Every structure is written in C-alpha cells, then in structure tokens.
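# Examination of the molecular architecture
The residues making up each chain are set out below.
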Amino acid sequence: MTKIKSLADLKKMKSDLQSKIALREKSDTPEGRTLIKVAMATCGIASGSKQVMDFLVEELDKRNVDAIVTQTGCMGYCYAEPTIEVTVPGKDPVVFGYVDTKKADDIIEKYIKNGELLEGIIPVNYETIEKNK
Amino acid sequence: MAKYKMHMLVCGGTGCRASASDMLYENLKKEVQDNNLEDDVQVVTTGCFGFCEKGPIVKVIPDNTFYVSVEPDDAKDIVAEHAIKGRSVKRLLYTDPAKKEQIPDSKHMGFYKKQIRIALRNCGLIDPENIEEYLAADGYEALGKVLAEMKPEEAIQEVIDSGLRGRGGGGFPTGIKWQIASKVDGAQKYVVCNADEGDPGAFMDRSILEGDPHSVLESMAINGYCIGATKGLIYIRAEYPLAIKRLKIAIKQAREFGLLGKDILGSGFDFDVEIRYGAGAFVCGEETALIHSMEGDRGEPTFKPPFPAQSGYLGMPTNVNNVESYANIPVIFNKGAKWFASIGTEKSKGTKVFALAGKINNVGLIEVPMGITLREVIYEIGGGIKDGKKFKAVQTGGPSGGCLTEKHLDTPIDFDNLIAAGSMMGSGGMIVMDEDDCMVSVAKFYLDFTVEESCGKCSPCRVGNKRLYEQLELITQGKAKKEDLDKLRNLSNVIRDTSLCGLGQTSPNPVLSTMDNFHEEYLAHVTDKQCPSGVCKDLIRYEVIAENCVGCTACARNCPVNCISGERKQVHEIDQALCIKCGACLEKCKFNAIAVI
C-alpha cells in the first residue's frame with residue numbers, strides 16, 4: 001500500500017472510495033432523494049427487470065442523479081412487466097410499465113430530470129394501508 | 001469494481017457475536033455466492049447497531065429493512081426472499097411491543113427516532129476492519145485538515161468552542177484539558193486513551209472501539225498535534241478481546257496508509273499509537289491509577305496535583321481522555337464547533353451514549369442529545385418497562401452514581417442536572433428498575449462492587465466501604481435498628497469527604513441517593529422488618545394460598561430442596577425451615593397459589 005502523502009491525496013482517495021458506502025449513507029437520509037422501486041418478482045425478472053435495475057443503478061450514478069434504487073416484490077401489473085415505481089421528492093409516486101433499458105433512459109432524462117410525463121404510466125388504482133390510517 | 005445494489009449489514013458487536021452473528025455472516029456470504037449474487041449483494045460486518053435486545057441484527061440497504069433476532073439458518077430465507085424476490089422476510093421484522101405492529105424499517109422504529117448519532121456515527125454503517133470504508137466516511141479528513149490548515153492553538157480553540165466535556169464521567173471541558181497540557185514542556189509528551197470501562201452494565205466504549213476504532217486513532221493524533229505529543233497509548237482492559245483485535249487491525253492499517261507514523265500527510269508531524277493492557281480493575285479508570293498501571297506499578301491512584309498534564313506517564317506531561325470523548329473529535333472538526341455546540345443544553349453540548357439496561361424493553365446502546373428527558377429515553381427509545389410493570393428508579397453513573405426516581409422523569413439529562421439530582425452522568429450506564437427491585441439491595445449490590453474494587457490504599461475507602469456494606473447487609477437481614485440509618489448516613493459522608501480518589505469519594509452515592517429517594521423503604525426494613533419489594537430473603541417467606549392451589553405438583557417438582565409436600569390434587573405446603581427462598585415455586589405456579597409475604 002502506498003502511503004497517503006497529503007491532504008489532497010487523502011481527499012482524492014476519499015472520493016474514489018466514497019461509492020463503497022454511498023448507498024448506505026444515502027439510504028440513511030432518504031428524504032429529498034428520488035426513490036425508484038423495481039418490481040423483481042418472477043414475472044418481472046422473466047421480463048428483464050434485472051437488466052433494467054442494473055441499467056438504472058449504473059446510469060443514475062454516471063449521470064449524477066441523486067436517487068436510491070431498491071427492488072420490491074410483485075406490484076401486480078404482471079401484464080406490463082418490467083414495472084418500476086418512481087417517487088420524485090414532493091410528488092406522488094408514478095408507476096411505469098413495459099420498462100426496458102431504452103424506456104428507463106427516457107424516464108431518467110425526461111421524467112426525473114425534467115418532470116415531463118411519458119407514455120406507459122399505470123394509473124393508481126389502489127389505496128395503500130398507510131393512506132387509510 | 002462491481003457496483004453493489006444491495007448491502008447486508010450484519011452486526012459484529014460482542015453481543016450479537018455471542019448469538020452467532022459471525023456464523024450468520026458466513027452463511028449469508030455463502031448463500032449470496034450460491035445464488036451468483038456476489039456482484040449485486042455485499043455482505044458486511046459492522047459495529048453495534050445498539051439494538052442489542054433483539055440481536056443479532058441484519059440491516060438491508062437501501063430499503064433500511066431491519067431484521068432482528070436473526071439466526072444463522074435464516075440466511076437462506078433472507079437471500080432467497082429479500083435479495084432475489086425483493087420482499088422482506090416478515091417473520092424476522094421487529095414487532096413494536098406496544099402497538100403489536102411489525103415495523104418494516106429502521107426509520108420507523110421508536111428506538112432510533114430520538115437518537116442523534118455522533119460518537120456512534122459509524123457503528124452499524126461501516127466495516128470496522130476496513131480502513132477504506134472509514135476513509136469513505138470522511139475518515140482522517142479532520143486530521144488532514146488540522147495538520148494542513150490549523151495551528152495547534154487554533155485546533156484547541158475549536159475544541160474549547162465546541163463545549164465538549166469529558167465523556168468518561170467527570171465532565172471536565174476537553175479543550176481546556178488540552179490547553180493545559182499544551183502549555184507544559186516535556187522531553188516526550190504522551191496522549192492516553194482511557195478505555196478502561198468498568199461500570200457494571202456499561203459498554204459504550206467497547207462498542208465504539210469495536211465499531212469504529214479509527215475514529216479514536218484519528219482523534220488521538222489530533223490530540224497529539226495539539227499538545228505536542230508524538231506518542232499515544234490506549235489503555236484497554238484485556239477482557240475486551242474483540243475491541244483489542246479491531247484496534248490492532250486499525251493501527252496496522254493506519255500505519256500502512258501513512259496516517260500513523262512519521263511525517264503524517266507530509267506535515268512533518270510524527271505520531272504513533274501503542275496498546276497497553278489492563279487487568280480489569282475498576283480503579284484504573286482513575287487517570288493517575290491508570291498511568292501507574294501502565295508504568296508497571298500497582299494500579300493505585302495518587303494525590304492530584306500534580307495532574308497528569310504536569311507529571312504523568314513516566315513523569316512526562318500526559319493528556320488522558322476517554323474513548324467516547326475522542327470519538328466526538330473528528331465530527332467537531334468536520335462539521336465545525338458551532339454545529340456541535342448547537343446540540344445539547346447550555347453547559348452540556350453534543351450527545352451522550354448510554355448503555356440502557358435492566359427492566360426495560362429495548363436494552364441496548366443509544367446516543368441522545370444532552371437535555372433529553374428520562375421519560376423520553378425510557379418510554380420512547382427504551383419502549384417502556386418490561387412486562388408492563390411500574391417504573392421505580394433508574395440508576396445512572398454506575399457505582400459512583402445514584403438513583404433517579406419518578407420525580408426526575410422530566411428533568412433534562414445533562415452533567416449538571418444529574419449532579420443536582422444526587423446522581424451523576426458517569427460513563428453512561430443506565431439501569432432501569434421496576435417495582436420488583438428493592439432499593440436497599442440495589443445499594444448493597446453497588447457497595448459489594450466497590451468493596452471488591454477498592455485498591456486498599458486509603459482507609460476511608462478500604463475500611464469504610466466494607467463497614468457500609470456490612471450495615472446494609474444487616475438492614476436486608478432485618479437486624480438493623482432505626483438509629484443505624486443515621487450511622488449509615490454519617491459513615492457515607494465521612495467516606496465521601498476523606499477518600500483519596502474518585503472511587504471512594506463517590507462510592508457512598510448509591511447509598512445516599514437511595515436513602516434520600518426511598519426513605520420509606522429503608523424504614524420498612526428496619527422498623528417493620530419487611531422488604532416491600534419482596535427481594536430480601538431474610539424478610540420474606542413463600543406460602544401456599546390454599547384456595548388457589550389445585551395440587552398440580554408443579555411447585556413440588558421444581559423445588560430444588562424438596563421442601564414442598566402435598567398429594568396430587570391436594571393443597572401443598574412449604575416447610576419454612578428448609579425453604580431457601582429461591583422463588584422457583586412462585587415462577588412455576590400457574591394458578592397464583594404462591595404468595596410472597
């Protein structure tokens with residue numbers, strides 16, 4: 001191991017290493033970050049949700065979008081898999097269906113960055129337990 | 001490098017390891033491999049999450065799912081359900097005891113809601129055996145900043161401005177301590193970290209060293225730079241093998257990265273740290289005794305002055321600080337003294353780590369802002385008293401502290417308020433007691449500890465505490481008279497006023513504070529010869545309530561001395577001459593047919 005020789009070296013090393021625990025630090029303060037849930041049940045995985053999730057994780061990082069990507073169980077829209085739910089801070093969650101990597105790219109660029117709505121949104125047709133409280 | 005999509009943080013603290021969390025870690029790793037998920041899921045051992053009540057803990061990131069009481073065999077389900085199918089393993093989630101609801105993630109747990117984690121910031125977040133994770137979490141940046149951009153005086157001023165006070169119990173302002181040490185000249189100055197945590201039930205320092213050893217090393221180096229010391233020593237008790245192991249790994253890694261050793265970060269400042277082992281004597285937490293022990297002498301205190309800052313280790317100027325005090329230092333430099341001083345009360349800044357123990361639902365390690373009330377700690381974070389019993393008292397400050405009662409529940413906790421209430425902050429032990437605890441016995445328990453741990457150098461402590469213990473024993477046996485209570489108080493005052501060191505000066509506190517707050521209970525023992533809580537064996541007897549007894553024989557079968565007789569389906573009887581008052585019959589009886597009288 002080469003020694004760290006200066007404060008500048010230390011800072012550089014930190015920025016290289018930061019990604020190692022960035023996920024843990026981000027999830028500790030989820031407030032104010034975009035949250036993306038990828039449905040990863042059997043139907044989702046069979047339709048390619050894993051590739052979509054990989055794509056999202058990689059690209060969001062590359063494009064410096066502050067977001068947390070988690071996987072979730074089946075959302076029930078098996079006909080439209082892969083489905084993802086995107087919650088931009090301050091807005092209601094939006095579920096997108098038939099998401100492939102190209103669609104995911106659009107979602108990042110148009111919806112998350114600019115707030116434009118896209119084709120393929122699945123309207124909310126349920127109430128959550130939390131809302132009923 | 002693979003980009004992990006999920007991190008599984010497995011608690012590697014002593015408590016969880018005792019419940020096989022290391023096997024759980026291995027199993028999780030294996031399951032992840034068997035399912036070809038090595039590139040997606042990272043399994044990490046971290047320090048203590050604090051929720052020791054329900055260990056072993058596994059936290060899954062990014063959704064913050066918080067699994068409790070996880071066994072090694074649960075690894076299969078966690079990987080199959082959570083990592084592959086994306087749904088949580090419901091049976092392992094934490095259930096709120098009050099609401100009987102399952103809580104999906106740590107963000108919704110009452111235990112964490114009121115906590116602010118500064119000293120414990122990295123416990124449960126990073127792998128303590130991997131310096132790279134510490135570096136990623138702003139590690140050694142404070143040291144770098146201090147060495148490159150600050151003069152020692154400026155850095156000391158920053159610590160003074162933060163208002164940080166010694167977390168070992170004394171509450172002396174840390175910055176002032178550094179300033180005093182910096183002004184004394186010596187051929188070789190020393191920085192000493194006091195990791196001789198000895199209060200019964202306290203494990204704050206151990207958890208910090210196990211979960212975030214680098215933060216202590218970094219702070220010691222900052223301390224060294226501020227006072228002009230190039231050598232650091234950590235005095236740690238040999239009973240903390242895991243903390244020692246992780247400290248050794250941390251020291252080795254810090255040397256390899258050039259963060260300890262010669263010319264740190266090109267600043268020309270040299271600093272290195274060594275470990276010294278203690279044999280686990282309580283008195284060695286006192287700084288002069290600690291220094292003598294490190295020198296190879298008997299661990300006995302000496303009179304102050306001279307203070308260690310003037311003449312400490314090997315006669316050289318020495319600065320001694322506690323583990324938790326050190327763990328706060330990097331944050332003060334990274335976030336600024338002003339930020340730190342914005343937390344807490346007027347005279348006690350920042351947070352305090354407490355080891356919550358006793359009759360409370362959420363036993364564990366918590367870090368709360370100074371000024372929080374006991375009520376919030378016990379009922380909101382601690383989840384209330386076990387089995388719905390009634391709160392009676394909370395003991396803070398260990399053998400040097402006292403008991404706080406219901407009337408103190410809304411007192412903001414800080415150094416000065418606790419002293420005013422007849423207790424003290426101490427190092428942070430907090431033992432909660434319910435209606436079943438006898439306060440005379442509690443005082444006796446602490447005196448037993450003090451008698452054992454007194455070094456024997458001065459007579460008030462050596463002889464006085466022994467006599468104090470004997471008097472308490474007489475009270476619990478029903479052999480004391482009412483006048484003896486005055487003797488007890490007088491003797492306590494003499495010991496407090498004439499002992500050489502902090503151990504003896506504070507050892508009567510448990511007696512005095514219980515006498516003040518539970519006078520009635522003492523009176524019941526000496527005048528009525530009764531123990532209201534039913535604890536003192538010589539003052540109680542177990543009896544069968546004839547109308548409730550169905551003759552199930554459970555009591556007779558479980559009695560270790562066979563003193564219960566009676567035929568099947570007949571009322572049983574306890575032979576009082578043989579009964580050892582162990583309480584086994586009371587515990588086993590399902591029909592409320594055994595009474596304590």
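Look up: the structure comes first, before these words.
About the thresholds
- Residues numbered from 1 in each chain as written.
- Chains lettered and ligands numbered in written order.
- Predicted model: local features only at pLDDT ≥ 70, side-chain atom pairs only at ≥ 80, totals over all residues.
- Heavy atoms only, no water.
- Pairing = 2+ DSSP bridges.
- Helix = DSSP H or I, 4+ residues; strand = E, 2+ residues; numbered from the N terminus.
- Axes fitted to C-alpha atoms, helices over the stretch in contact; angles between N-to-C directions.
- Parallel < 35°, antiparallel > 145°, perpendicular 65-115°, else oblique.
- Left-handed = near helix turned anticlockwise from the far one by under 90°.
- Contact = heavy atoms within 4.5 Å.
- Buried area = accessible area lost by both parts, 1.4 Å probe.
- Salt bridge = Lys/Arg side-chain N within 4 Å of Asp/Glu carboxyl O.
- Nonpolar A, V, L, I, M, F, W, Y, C, P; charged D, E, K, R; others polar.
- Buried < 20%, exposed > 50% of the residue type's maximum accessible area, 1.4 Å probe, protein only.
- Phe/Tyr/Trp six-rings, centres within 6.5 Å; stacked < 30°, edge-to-face > 60°.
- Lys NZ or Arg CZ within 6 Å of the ring centre and 35° of its normal.
- Patch = residues over 30% accessible without salt bridge, like charges linked within 9 Å, V, L, I, M, F, W, Y side chains within 5 Å.
- Areas by Shrake-Rupley, 256 points an atom, 1.4 Å probe, with all protein chains shown as cover.
- Lys, Arg positive; Asp, Glu negative; His and termini not counted.
- Charge placed at Lys NZ, Arg CZ, Asp CG, Glu CD.

## Points about the sheet that holds strand S10 (residues 318–322) of chain B
All names here are of chain B. Taken together, the four strands give an open sheet; going across it, the order is S9-S8-S7-S10, and neighbouring strands pair in parallel fashion. Either end of the sheet is taken by a strand with one partner, and the two such strands are strand S9 (272–278) and S10. Strand-to-strand twist in this sheet, taken as the mean axis angle between neighbours without regard to direction, amounts to 25 degrees. Relative to S10, strand S7 (residues 190–195) is paired through five bridges, and the arrangement is parallel. What sits directly across from Val192, in S10, is Val320.

## Remarks on the packing of helix H2 (residues 21–34) of chain B against helix H3 (residues 75–85) of chain B
Residue and element names in this part refer to chain B. Look at H2 against H3: their axes get within 8 Å of each other, and the N-to-C directions meet at 40 degrees. Here H3 runs oblique to H2, going by the angle between their axes. Handedness of the crossing formed by H2 with H3: right-handed. Taken together, the residues of H3 that come into contact with H2 (itself represented by Leu24, Asn27, Leu28, Glu31 and Val32) are Ala75, Lys76, Ile78 and Val79.

## Quick look at the interface of chain B and chain A
Counting residues at the interface gives 46 residues for chain B and 39 residues for chain A. Taking both sides of the interface into account, the surface hidden between chain B and chain A amounts to around 3,400 Å²; carbon and sulfur atoms contribute 60%. Our count for the chain B to chain A interface comes out at six salt bridges. Its salt-bridge partner being Asp138(B), residue Lys14(A) comes within 2.7 Å of it at the nearest N-O pair. For the side of chain B that touches chain A, the elements supplying multiple residues, two or more each, are strand S1 (6–11), strand S2 (41–46), strand S3 (58–61), H3, helix H5 (131–136), helix H6 (141–149) and helix H11 (241–256) of chain B. Of the residues assigned to the side of chain B that touches chain A, the class counts are 19 nonpolar, 10 polar and 17 charged.

## Re the pairing of S2(B)
The buried fraction of S2(B) is high, at six of six residues. Neither face of S2(B) is exposed, since Val41(B), Val43(B) and Thr45(B) on one face and Gln42(B), Val44(B) and Thr46(B) on the opposite face are all buried.

## A short note on the packing of aromatic side chains
Residue and element names in this part refer to chain B. In total, this model carries 13 aromatic pairs over all chains according to the counting rule given. Considering the side-chain rings of Phe49 and Phe66, the 6.0 Å spacing of their centres and the 90 degrees angle between planes classify their relative orientation as edge-to-face. In this pair, Phe49 is assigned in the loop between S2 and S3 and Phe66 in strand S4 (residues 65–67), connecting sequence segments 17 residues apart. No difference in accessibility class separates Phe49 from Phe66, as the two residues are buried. The interplanar angle of 90 degrees and the centroid separation of 4.8 Å between the aromatic rings of Tyr190 and Tyr313 together place this pair among those described as edge-to-face. A residue pair is termed long-range when its members are at least 10 positions apart, and Tyr190 in strand S7 and Tyr313 in the loop between helix H12 (287–295) and S10 qualify at 123 residues. The exposure class assigned to Tyr313 is buried, which follows from its relative accessible area of 7%. Each member of the aromatic cluster is reached from another via a ring pair, and the members are Phe49, Phe51, Phe66, Tyr94, Phe111 and Tyr112. It is Lys335 that lies over the ring of Trp339; its NZ or CZ is 4.5 Å from the centre.

## A word on a positive patch on the surface
Residue and element names in this part refer to chain B. A contiguous patch of positive charge on the surface is contributed by Arg557, Arg568, Lys569, Lys588 and Lys590. Along the chain, the position of Arg568 falls in the loop between strand S17 (564–565) and strand S18 (573–574). Using a relative accessible area of 62% as the deciding quantity, one classes Arg568 as exposed.

Nothing here speaks to function; it is all geometry.
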